[in-house]
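Here's the letter readout for the chains.
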Amino acid sequence: MVRTLAQSADLALFMTDARLRCTYMNAAAEALTGRTLAEVVARGLSLHDLVHPPPPEGGASSRAETSLSRALTKQTRERGEDVFVHKDGHPHPVAFTVSPLREADALVGTILEVRDLTVERRAAEALRTSEARYRFLAETIPVQVWTAKPDGLLDYVSSRAVIEFGVPLDTILSEGWLNVLHPEDRALAIERWTTALRTGEGYEVEFRLKLANGHYAWYLARAVPERDANGHILQWLGTNTNIHEQREARERTEALLAEVGQQARETEATLVRLRAEKLAAEARVAELEAKSSAR
């Protein structure tokens, strides 16, 4: 039963004798080293030579001190991390636990439990790479980038916001946008954000934010929720885009259109009045001509 459990364990298990020669390996240990138990026992390989084999061209056993070798010499239960080398030369970062076996206070062997960290390290490296790429994009694109927790509290704001507003990052994160938001736009901004947090729908609003020079500029704020596989919101991803020039251009265009429209309406009214006057004059001429003919 014990051997069956050992063979089915996810951890790689090794056992040694008092001279640290490997006497047992489960299937996970064989996969980790690329060697079979029969091969290891037949060659009388030590645990060190098994997991730290010499380079193929060297031929001699490597005896460089390792984290594992230091743990083994203490002859006490120890934990640590090391790099085990597969038969084909590929390194595997591992976490290990060394447990000495004793009989009547005499060391008779060692049990080594090993967890392969290769997949975890690759995932962690991929995460670091992804985060670095995200930070690079967030800090270089020409908009302010921000994220918020599911409850709406800011937990990241790109440096562009700090520079444009001249407000310390800690202040922005703790107070949000209220300290730079135009008083006249606060009610709308809060109402839209509250609705987004309550419904889980996207957030979009235009408001004025106070720049470092004391002037206000129009921004378009947008945010969408990032969800997990079950639909629960993990965080909000948002941007603030400076639309001041576009907004002013739009307002100028709207003002111009309004002026043109007013002029058109005034011109139309003038034309209607002139036409009415023309019709009245024509009617008067016709009346006079009729009276003249009657005489």
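Remember, it's a predicted structure, so these values are computed and weren't measured experimentally.

Explain the overall build of the protein chain to me, using residue names and the numbers behind them.
A tally of helices and strands in the protein chain yields 10 helices and 10 strands. Per-residue burial over the protein chain gives 30% buried out of 295 residues. A separation threshold of at least 6 residues defines the contact pool for the protein chain, and within that pool the share at least 24 residues apart is 38%. Put simply, the protein chain shows about 18,600 Å² of open surface, and 57% of that area lies on carbon and sulfur atoms.

Which residues make up helix α9 (residues 186-199), and what values go with them?
With 14 residues, α9 extends 20 Å from end C-alpha to end C-alpha; this agrees with the ideal 20 Å at 1.5 Å per step. Taken together, the buried residues of α9 touch β6 (144-148), β8 (203-210), β9 (216-227) and β10 (233-242). Looking one or two places after α9, you find G200, whose phi comes out positive at around 80 degrees.

Would you mind going over the environment of H215 in detail, with residue names and values included?
Along the chain, H215 falls in the loop between β8 and β9. Setting aside its immediate chain neighbours within four residues, H215 contacts L209 and K210.

Give a description of unusual backbone geometry that names residues and reports values.
Phi angles above zero are rare outside glycine, and L20 is one such case at about 65 degrees. Within the element layout of this structure, L20 appears in the loop between β1 (12-17) and β2 (22-25). Non-glycine residue A104 carries a positive phi angle of around 50 degrees. Looking at the element boundaries, A104 is found in the loop between β4 (91-103) and β5 (106-116).

Can you explain the sheet that holds strand β7 (residues 154-157)? Please cite residues and give values.
Taken together, the 5 strands give an open sheet; going across it, the order is β7-β6-β10-β9-β8, and neighbouring strands pair in antiparallel fashion. Two strands lie at the open edges of the sheet, namely β7 and β8, each paired on one side alone. For this sheet, the mean inter-axis angle between neighbouring strands, taken without regard to orientation, is 25 degrees. Here β8 pairs with β9 via 8 bridges, running antiparallel. Looking across to β9, one finds that R208 is bridged to W218. Packed on one face of the sheet, α9 meets β6, β8, β9 and β10 and runs near 145 degrees to β8.

Describe the nonpolar core, and please don't skip the residues or the numbers.
Membership of the largest hydrophobic core comes to 23 residues, with the highest contact counts inside it found for W146, F165, I172, W177, W193, Y203 and F207. For this core, the elements supplying multiple residues, two or more each, are β6, β7, α7 (159-165), α9, β8 and β9.

What counts as what
- Residues numbered from 1 in each chain as written.
- Predicted model: local features only at pLDDT ≥ 70, side-chain atom pairs only at ≥ 80, totals over all residues.
- Heavy atoms only, no water.
- Helix = DSSP H or I, 4+ residues; strand = E, 2+ residues; numbered from the N terminus.
- Buried < 20%, exposed > 50% of the residue type's maximum accessible area, 1.4 Å probe, protein only.
- Contact = heavy atoms within 4.5 Å.
- Areas by Shrake-Rupley, 256 points an atom, 1.4 Å probe, with all protein chains shown as cover.
- Expected span 1.5 Å × (residues − 1).
- Pairing = 2+ DSSP bridges.
- Axes fitted to C-alpha atoms, helices over the stretch in contact; angles between N-to-C directions.
- Core = buried A, V, L, I, M, F, W, Y, C linked by side-chain atoms within 4.5 Å.

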